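Listed here are the chains, written in short residue letters.
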Amino acid sequence: MDVINALVALTNFVLVPGIAYGSQLALGALGVTLIYGILRFSNFAHGDTMAFGTMVTILFTWWFQSMGITAGPLPTALLALPFGILATMALVVGTDRAVFRFYREQKAKPVVFVMVSLGVMFMMNGLVRFIIGPGDQQFSDGERFIVSARTFKNLTGLDEGLAIKTSQGITVVTALIVVCALFWFLNKTRTGKSMRAYSDNEDLALLSGINPERVVTYTWLIVAALATIAGTLYGLDKSFKPFTYFQLLLPIFAAAIVGGLGNPLGAIAGGFIIALSEVTVTYAWKKVAQYMLPESLEPEGLVQLMSTDYKFAVSFAILIVVLLFKPTGIFKGKSV
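Quick look at the structure, then.

## Looking at the overall build of the chain
- In terms of helices and strands, the chain carries 14 helices and two strands.
- For 336 residues, the compact-globule estimate of 2.2 N^0.38 gives 20 Å, and the C-alpha radius of gyration of the chain, at 21 Å, lies within 12% of that figure.
- Along the three orthogonal principal directions, the C-alpha set of the chain runs to about 70 × 55 × 40 Å.
- The burial tally for the chain puts 49% of its 336 residues in the buried class.
- Restricting the contact set of the chain to residue pairs at least 6 apart, pairs at least 24 apart contribute 75%.

## What about the nonpolar core?
- Counting residues in hydrophobic clusters, the biggest one holds 79 residues, and the most contacted among them are Leu27, Leu30, Leu34, Trp220, Leu226, Phe240 and Leu248.
- When residues of this core are assigned to their parent elements, the largest contribution, 14 residues, is made by helix H9 (residues 212-237).
- Excluding residues within four positions of it along the chain, Leu248 makes contact with Tyr21, Leu25, Met50 and Tyr234.
- Among the nonpolar cores identified, the runner-up in size contains seven residues, and Ala6, Ala9, Tyr283 and Tyr291 belong to it.

## Here's the deal with the pattern of salt bridges
- For the structure on display, the rule yields eight salt bridges.
- For Arg97, the salt bridge goes to Asp96, with nearest N and O atoms at 2.8 Å.
- Look at Asp96 and you get buried, because its relative accessible area is 0%.
- Asp237 is the partner of Lys238 in a salt bridge, and the nearest nitrogen-oxygen pair spans 3.1 Å.
- Among the residues examined, Lys238 registers a relative accessible area of 33% and is labelled partly exposed.

## Let's talk about unusual backbone geometry
- Positive phi, close to 55°, is recorded for Lys107, a residue that is not glycine.
- Mapped onto the elements of the fold, Lys107 is located in the loop between helix H3 (77-105) and helix H4 (110-132).
- Given the relative accessible area of 67%, Lys107 is considered exposed.
- For Val303, which is not glycine, the phi torsion reads 55° and is therefore positive.
- On the secondary structure map, Val303 appears in the loop between helix H13 (286-292) and helix H14 (311-325).
- By relative accessible area, Val303 is classed as partly exposed at 40%.

Parameters at a glance
- Residue numbering note: each chain is counted from 1, following its sequence as written.
- pLDDT decides what is reported in this predicted model: residues at 70 or higher carry local features, side-chain atom pairs at 80 or more are listed and counted, and totals for whole chains, interfaces and linings draw on all residues regardless.
- The basis for every side-chain value is the complete set of heavy atoms in the structure, and neither hydrogens nor water enter the calculation.
- Note on conventions: DSSP H or I runs of at least 4 residues are helices, E runs of at least 2 residues are strands, and numbering of each starts at the N terminus.
- Only C-alpha atoms enter the radius of gyration, while the globule expectation follows 2.2 Å times N to the 0.38, with N the number of residues.
- Relative accessible area decides the class of each residue, using a 1.4 Å probe on protein chains only: under 20% of the type maximum gives buried, over 50% gives exposed, and in between gives partly exposed.
- The contact definition used throughout considers only heavy atoms, calling two residues in contact when any of these lie within 4.5 Å.
- Here the nonpolar core consists of buried residues drawn from Ala, Val, Leu, Ile, Met, Phe, Trp, Tyr and Cys, with membership extended through side-chain atoms lying within 4.5 Å.
- We define a salt bridge as a side-chain nitrogen of Lys or Arg found within 4 Å of a carboxyl oxygen belonging to Asp or Glu.

In structure tokens:
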């Protein structure tokens, strides 16, 4: 029975939050890898694009809540999400037309685009903070848990409970639907095939009659949708704070690079690798050890390798190792 309790504790505090967090990072990393694979630069404004889309979703959520419009047991944010996506699409396409297109026409080097994206990042960050403020914002409602720890204990008779939050369940299901839709779009539609051709060989794609501006526009639209969905799911699961989304840039880029920049499948795998690594290293293993070890060997400390305050250091360490020994990532994307 102690082994089962240990497995339940491991599932409750490592696997469930790790899978939910991994789904959020995977969606974020997909946006980064699409920009790198098709437009050929690292977009450092991606984290703040997520923050902007989430902010608009929050504002519409509050508006719906004030009018008594809800989604029943589900978060009202799901009703507001399409408006956040549309606003973010308008923002990124407008930014591309006003900023990035000029440097594309000048055939600027990728490092120039990176520097430009840093400027865009600071502008988006300031805009979000000006509109919604720098503090934590809560916008979740509806049922809090799919399964609560108390209900699980009553059903199983175990000492350890398992709790699955509604936001975690929605995150995994939504991520699965979005990823399937994206892969279908890239592999089955004419526009998706054009994007893949443009990514593989720009000159050959142009000779084949592919419109580069159309490819660029569709890329930004998809990235805007991915960023808004990822940001909103993260905000529902944790909370919304603009600076946190700036910090998420590190694990998102780490996920994209670990999987292989420019490879969508690698971005998904990298997201789960980074998330589960962060959660595993920062989890206090004392409870699991108490179930598994004899009483005489039970640890007195938390058995925690690293404090949760330093979880982003795990992403950084993994990123450095990958850049040193396998810069093309697990799925052999483009070299960094």
